[in-house]
Amino acid sequence: MSLIVDLLLMLIDVTYSILCAVVRTFLHPRLKSIDGELCLITGAGGVLGRLFALEFAKEGAHLILWDCNTAANEQTAQLARKLGVEVRAYTVDLSKRQSIYETAGRVRAEVGDVSILVNNAGVVAGQRLLECPDELLERTLLVNCHALFWMTKAFLPQMKARNHGHIVTIASALGLFTTAFVEDYCASKFGAVGFHESLAHELRAENHYGIKTTLVCPYIIDTGMFAGCEIRKEIQSLIPPLEPLYTAQQSMKAILGEQEMVCIPRIMYIPFIARALLPWEANVVTYRFMGGDKSMLPFIKNAEMKTLNGHMKSSNDAF
């Protein structure tokens, strides 16, 4: 009898959740205030990270900016300060666990407890698997995935103590489905998605409902990180690379609306669902029709040329 009652309650909850999601799709949800919150953004020196910093500053949040590029990070800090918020910039190597823990300790001692954590930083090797040095492959996994563990361990305890906070993971559409020739990036983003979802479940299981989570999975963003990447031309005109500002603004709507997950654009939900429902070969046929099987080759060529010229791409702006 207990099982039947629990099953009925579950079906009611599922139906209610679906109806809420439908309503939220067509109606603008109430956005929360983050005025005075302390927000830490990784990869703040990159295009997307800088836009996030400015968007959070416009909402009145005080900022902690992390990046491995000191000059670019300070430029972001200067822009954000003009909006009237307090900003502190730190140079951090997210591929090194000790660098994360040491800098996190400095933040807590010098500024206070972080209440909004935006894991935005990301890199890609930009070389074919068998030709790529092992250290570049490892770096992608360390920055895009492993760093999420260390960032969370550094800042989540303070959020739990107050049952208040928000953890944002800027993942990628390539954390939901894959493409060829970027095995390091796909693996790292699948790991990021898995980590984020498991953490979200853990917070619910422990009744930490005051700590919110938002998973952001954007399509290609026109920042130069995947310069040259292209799908079939007839289809690319329908699904062009995302404008960075649009991506940041759509992400902010999801964050302030406490939305658990957002794909940008919404059409990205289709391949995500198709991957789960269709047979493998059906997905492959669709993939080839769209030009997805070779979409990264021009990017790989561009990245290899930059590497040869001593300008290996290291960015924070994800597909």
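Residues numbered from 1 in each chain as written. Predicted model: local features only at pLDDT ≥ 70, side-chain atom pairs only at ≥ 80, totals over all residues. Heavy atoms only, no water.

Here we take up the packing of aromatic side chains. In the structure shown here, the tally under the stated rule is six aromatic pairs. Ring geometry for Tyr101 against Trp150: centres 6.4 Å apart, planes inclined by 70°, an arrangement best described as edge-to-face. Separated by 49 residues along the polypeptide, Tyr101 in helix H4 (residues 97-110) and Trp150 in helix H5 (residues 134-162) bring together distant segments of the chain. Ring geometry for Phe149 versus Phe195: centroids 4.5 Å apart, planes at 50°, classification tilted. Separated by 46 residues along the polypeptide, Phe149 in helix H5 and Phe195 in helix H6 (residues 183-205) bring together distant segments of the chain. Judged by its relative accessible area of 36%, Phe149 falls in the partly exposed class. (Phe/Tyr/Trp six-rings, centres within 6.5 Å; stacked < 30°, edge-to-face > 60°. Helix = DSSP H or I, 4+ residues; strand = E, 2+ residues; numbered from the N terminus. Buried < 20%, exposed > 50% of the residue type's maximum accessible area, 1.4 Å probe, protein only.)

Let's shift gears to the pattern of salt bridges. Tallied over the entire structure, the rule returns eleven salt bridges. Measuring nitrogen to oxygen at the nearest pair gives 3.4 Å for the salt bridge that ties Arg204 to Glu260. Taken together, the residues Arg204 in helix H6 and Glu260 in the loop between helix H8 (244-256) and strand S7 (261-264) connect sequence positions 56 residues apart. When its relative accessible area of 37% is taken as the criterion, Glu260 is described as partly exposed. (Salt bridge = Lys/Arg side-chain N within 4 Å of Asp/Glu carboxyl O.)

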